[in-house]
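Residues per chain, in single letters:
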Amino acid sequence: LAEMPPDEAAPLVVRLDAIELAIARESRPAEGAGLLLSALRAAGVDLGIATRNSRANALETLRAAGLDAFFDPAAILGRDEAPLKPRPDVIHRLLEAWRGDAARTVMVGDFLFDLEAGRGAGAATVYVDPEGRFPFAHLADLSVRSLAELAAAARLDFAHPLR
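Definitions and limits used
Residues numbered from 1 in each chain as written. Predicted model: local features only at pLDDT ≥ 70, side-chain atom pairs only at ≥ 80, totals over all residues. Heavy atoms only, no water. Buried < 20%, exposed > 50% of the residue type's maximum accessible area, 1.4 Å probe, protein only. Helix = DSSP H or I, 4+ residues; strand = E, 2+ residues; numbered from the N terminus. Pairing = 2+ DSSP bridges. Core = buried A, V, L, I, M, F, W, Y, C linked by side-chain atoms within 4.5 Å. Contact = heavy atoms within 4.5 Å. Arc of directions from axis to C-beta. Right-handed = clockwise from strand over helix to strand, strands pointing away. Patch = residues over 30% accessible without salt bridge, like charges linked within 9 Å, V, L, I, M, F, W, Y side chains within 5 Å. Areas by Shrake-Rupley, 256 points an atom, 1.4 Å probe, with all protein chains shown as cover. Salt bridge = Lys/Arg side-chain N within 4 Å of Asp/Glu carboxyl O. Phe/Tyr/Trp six-rings, centres within 6.5 Å; stacked < 30°, edge-to-face > 60°.

> I'd like to hear about the pairing of strand β3 (residues 106–109), residue by residue, with values.
Burial along β3 is one-sided: Met107 and Gly109 are buried, and none of Val106 and Val108, which face the opposite way, are. By the bridge criterion, 4 bridges tie β3 to strand β4 (residues 124–128) in an arrangement that is parallel. Among the inter-strand pairings, Val106 is bridged to a residue of β4, identified as Ala124.

> So what about the nonpolar core? Which residues, and what values?
Core analysis: the largest hydrophobic core is formed by 19 residues, its most contacted members being Leu36, Leu67 and Phe71. The set of elements that each furnish at least two residues to this core consists of α2 (33–42), α3 (55–65), β4 and α6 (147–153). For Leu67, the residues in contact, after removing those within four places along its chain, are Pro29, Ala33, Gly34, Leu37 and Leu62. Within the second largest apolar cluster, 12 residues are counted, among which are Ala75, Ile91, Ala102 and Met107.

> Hey, could you go over helix α5 (residues 112–121) for me, with residue numbers and the actual values?
Residues of α5 that are buried include every one of Asp114, Leu115, Ala117, Gly118 and Ala121, and no others. In a view along the axis of α5, the buried residues occupy a sector of 160°, so they form one face of it. In this structure, the buried side of α5 is in contact with α4 (89–98), β3 and β4. Just downstream of α5, Gly122 is the residue with a positive phi angle, here 85°.

> Can you tell me about the pairing of β4, naming the residues and giving the values?
Counting buried residues in β4 gives 5 out of 5 residues, a clear majority hidden from the surface. Burial along β4 is two-sided: the residues Ala124, Val126 and Val128 and Thr125 and Tyr127 are all buried. The parallel pair β3 and β4, bridged by α5, forms a crossover whose chirality is right-handed. When β4 meets strand β5 (residues 142–144), the two strands line up parallel, connected through 3 bridges. Residue pairing in the sheet places Val128 in a bridge with Val144 of β5.

> Help me get a handle on a nonpolar patch on the surface, residues and values and all.
On the surface, Leu1, Leu12 and Val13 cluster together into a nonpolar patch covering about 210 Å² of accessible area. Looking at the element boundaries, Leu1 is found in the segment before α1 (6–24). Taking the relative accessible area as the measure of exposure, Leu1 reaches 42% and is therefore partly exposed.

> Could you give an account of unusual backbone geometry, naming the residues involved and the relevant values?
In this model, Lys85 is joined to Pro86 through a cis peptide bond whose omega is 25°. Secondary-structure assignment places Pro86 in the loop between β2 (76–77) and α4. Positive phi values are uncommon outside glycine, yet Arg99 reaches one of about 55°. Looking at where Arg99 falls in the secondary structure, it is placed in the loop between α4 and β3. Taking the relative accessible area as the measure of exposure, Arg99 reaches 76% and is therefore exposed. Even without glycine at this site, Phe134 takes up a positive phi of about 55°. One can find Phe134 in the loop between β4 and β5.

> Outline the packing of aromatic side chains, supporting the account with residue identities and numerical values.
By the definition in use, this model includes 4 aromatic pairs. Ring geometry for Phe111 versus Phe136: centroids 5.8 Å apart, planes at 80°, classification edge-to-face. Residue Phe111 is located in the loop between β3 and α5, and its partner Phe136 is located in the loop between β4 and β5; the two are separated by 25 residues in the primary sequence. Note on Tyr127 and Phe134: the rings are 5.6 Å apart at their centroids and 80° apart in plane angle, and the pair reads as edge-to-face. Considered together, Tyr127 and Phe134 belong to a single accessibility category, that of buried residues. Of the aromatic side chains, those joined through ring pairs into one cluster are Phe111, Phe113, Tyr127, Phe134 and Phe136.

Right under this line is the structure:
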């Protein structure tokens with residue numbers, strides 16, 4: 001869409017947004033999401049979302065999954081707020097807002113671009129692959145099959161990310 005002339009892309013963007021919003025409204029939390037987010041919040045960890053989706057659809061996904069209370073809406077950045085992953089810009093923007101340090105940051109994702117963005121930003125990376133195949137494990141500091149497994153592993157000291 002980004003490479004199309006604006007007049008051709010515009011109706012397709014509207015259609016894409018509608019499809020993504022319908023999917024977002026059907027969202028359910030991943031196994032262990034609430035447990036992990038509760039533990040991270042209790043530990044005082046800043047939480048953000050960097051998505052290639054629209055920010056509005058990310059917010060709707062969180063609402064539908066019952067996870068919206070864990071996130072400051074300002075810390076949810078979509079395709080219109082920063083260059084797309086795998087570029088690390090979106091992580092840098094979150095870190096700037098939090099006055100955070102990449103060396104104390106963990107990027108959790110389920111796709112190559114998430115891991116590349118995390119690595120590019122200097123963050124530790126966690127790869128979630130429910131199928132357990134882990135084709136991008138070479139870019140991950142930790143690979144898990146679920147957020148429940150990560151929650152169990154997160155009994156690590158939150159002040160010292162995975163490295």
